Amino acid sequence: MRCERIYLIQNDPEVYIDTYLADPLSSFTRKALLVIPGGGYGQVCADREGEPIAHAFLPYGYNAFVLHYSVKRRKPFPAQLIEAAMAMKHIRDHAKEYGIDPAEIFAVGFSAGAHLAASLGTLWRHPAIRDAIDAPVGDIRPRGVMLIYPVINGESHMGSMQNLFCTDTPTEEQQDTGALERHVEADSSPAFFM
């Protein structure tokens, strides 16, 4: 197995992906899984919702990438969505090197990480992504998302929304943006909830 750390933003040591790449097989192309740990947008719980998940999916034909994103009210939304989009772009851009099918990149998230995974699946057209990274709009959309005990809207977990928007009193517009059930469309990523 090959493991390495890929920094997504120059001079920002807190935003990166850790790779978990199985040894290549000449006749087998893997799928990819972007793992997004939770932590209420106050921390990244990679010790229990990151590396163990990456290892669990390896035997099922996936190479995995654990995202570490901005938390602790360092940057307000959409910074986290842009960081997740950068991770998707990196995975897709390096698909051949990683031995993965670029059309088979999924995302799994836990709690607030599931909110971020669902954001990728529903808000993948967000103009901030287009302004921040050079990628065709559809290239950051996951093939599907797995949302494990997800935070879906601000009403279910106001603390996560406060951390996400870096304020104790998110505006109605911010709460609407964070309420992902309002943004599901026909071309949103298929989702599995648990």
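Summarised in this report is the structure supplied together with it.

Conventions and cut-offs
- Residues numbered from 1 in each chain as written.
- Predicted model: local features only at pLDDT ≥ 70, side-chain atom pairs only at ≥ 80, totals over all residues.
- Heavy atoms only, no water.
- Pairing = 2+ DSSP bridges.
- Helix = DSSP H or I, 4+ residues; strand = E, 2+ residues; numbered from the N terminus.
- Axes fitted to C-alpha atoms, helices over the stretch in contact; angles between N-to-C directions.
- Contact = heavy atoms within 4.5 Å.
- Buried < 20%, exposed > 50% of the residue type's maximum accessible area, 1.4 Å probe, protein only.
- Parallel < 35°, antiparallel > 145°, perpendicular 65-115°, else oblique.
- Core = buried A, V, L, I, M, F, W, Y, C linked by side-chain atoms within 4.5 Å.

Pairing in this open sheet of 7 strands is mixed, and the strands run S1-S2-S4-S3-S5-S6-S7 from one edge to the other. Bordering the open sheet on either side are strand S1 (2–7) and strand S7 (191–193), each of which pairs with just one other strand. Sheet twist, expressed as the mean angle between neighbouring strand axes with direction ignored, is 20 degrees. Here strand S6 (residues 145–148) pairs with S7 via 3 bridges, running parallel. Across the sheet, residue methionine 146 finds its bridge partner in S7, namely phenylalanine 192. Packing against the sheet, helix H3 (residues 79–93) makes contact with S1, strand S2 (16–21), strand S3 (30–36), strand S4 (62–68) and strand S5 (100–110), and its axis sits at approximately 150 degrees to S5. This element, helix H5 (residues 112–122), spans S3, S4, S5 and S6 of the sheet and lies at about 140 degrees to S5.

Okay, unusual backbone geometry next. The omega angle of the peptide bond from phenylalanine 77 to proline 78 is 20 degrees, so this bond is cis rather than trans. Along the polypeptide, proline 78 turns up in the loop between S4 and H3. Phi angles above zero are rare outside glycine, and arginine 73 is one such case at about 60 degrees. Along the chain, arginine 73 falls in the loop between S4 and H3. The partly exposed category is assigned to arginine 73, whose relative accessible area is 32%. We note that serine 111 has phi near 55 degrees; this positive angle belongs to a residue other than glycine. Relative to the helices and strands, serine 111 resides in the loop between S5 and H5.

With that out of the way, let us pick up helix H7 (residues 158–165). Among the residues making up H7, those that are buried are Ser160, Met161, Asn163, Leu164 and Phe165. Check the buried side of H7 and you find it contacts H3, H5 and helix H8 (172–178). Of the residues flanking the end of H7, it is cysteine 166, one or two places downstream, whose phi is positive at about 60 degrees.

Moving on to H5. For H5, the buried fraction is high: 11 of the 11 residues fall into the buried class. Turning to H5, its buried residues are Ala112, Gly113, Ala114, His115, Leu116, Ala117, Ala118, Ser119, Leu120, Gly121 and Thr122.

What follows deals with the packing of H3 against H5. Packing of H3 against H5 leaves a shortest axis separation of 10 Å and a crossing angle of 70 degrees. One way to sum up the angle between H3 and H5 is to call them roughly perpendicular. Of the residues in H5, those in contact with Gln80, Leu81, Ala84, Ala85 and Met88 of H3 are Leu116, Ser119 and Leu120.

A word on the nonpolar core. With 47 residues, the main nonpolar core has Ile17, Leu34, Ile36, Phe65, Leu67, Leu120 and Ile140 as its most contacted residues. The biggest single contributor to this core is H3, with 7 residues. Not counting residues up to four positions away in its chain, the partners in contact with isoleucine 36 are Leu67, Tyr69, Val108, Gly109, Phe110, Gly113, Ala114, Leu116, Ala117 and Leu120.

With 4 bridges connecting them, S5 and S6 associate as parallel partners. The partner of alanine 107 across the bridge, within S6, is valine 145.

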